[in-house]
Amino acid sequence: MEAETDIKYIQKQLEHGSYQITADVYAHVSSKINKKNTERVNSRLNDVFKKDFLK
């Protein structure tokens, strides 16, 4: 997941019967993913409101 591989691709490679099984097992939020997403949201909010929300 941290390598930004599509979860549907992972499901097919692991031959899981459903997308939900793969998501339940592998989609926990790591600190790396959380930090990256927080930065993306902050950047977007900065663009919209011209304010740094992480400060």
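See the structure above.
Residues numbered from 1 in each chain as written. Predicted model: local features only at pLDDT ≥ 70, side-chain atom pairs only at ≥ 80, totals over all residues. Heavy atoms only, no water.

Caption draft 1: How the structure looks around the overall build of the protein. The number of helices and strands found in the protein is 3 helices and 0 strands. If you list the helices and strands of the protein from N to C, you get α-α-α. Restricting to contacts in the protein with at least 6 residues of sequence separation, those with at least 24 account for 26%. Carbon and sulfur atoms form 53% of the exposed surface of the protein, whose accessible area is close to 4,700 Å². (Helix = DSSP H or I, 4+ residues; strand = E, 2+ residues; numbered from the N terminus. Contact = heavy atoms within 4.5 Å. Areas by Shrake-Rupley, 256 points an atom, 1.4 Å probe, with all protein chains shown as cover.)

Caption draft 2: Quick look at unusual backbone geometry. One non-glycine residue, E15, adopts positive backbone phi at about 60°. In this fold, E15 is placed in the loop between α1 (7-14) and α2 (19-26).

Caption draft 3: Fine view of the pattern of salt bridges. Applying the stated criterion to the full structure yields 1 salt bridge. Among the ionic pairs, E39 bridges to K35, the shortest N-O distance being 3.1 Å. Of this pair, E39 and K35 are both found in helix α3 (residues 31-49), 4 residues apart, which corresponds to roughly one turn of the helix. Judged by its relative accessible area of 54%, K35 falls in the exposed class. (Salt bridge = Lys/Arg side-chain N within 4 Å of Asp/Glu carboxyl O. Buried < 20%, exposed > 50% of the residue type's maximum accessible area, 1.4 Å probe, protein only.)

Caption draft 4: View of a nonpolar patch on the surface. Nonpolar side chains collect at one region of the surface, where L14, I21, V25 and Y26 lie side by side and expose about 340 Å² of accessible area between them. Counting residues per element, the nonpolar patch draws most heavily on α2, which supplies 3 residues. As for its placement among the helices and strands, I21 is situated in helix α2. For I21, a relative accessible area of 41% gives the class partly exposed. (Patch = residues over 30% accessible without salt bridge, like charges linked within 9 Å, V, L, I, M, F, W, Y side chains within 5 Å.)

Caption draft 5: Spotlight on the side chain of Q11. Structurally, Q11 is set in helix α1. Residue contacts for Q11: discarding those within four places in its chain leaves H16, G17, S18, Y19 and T22.

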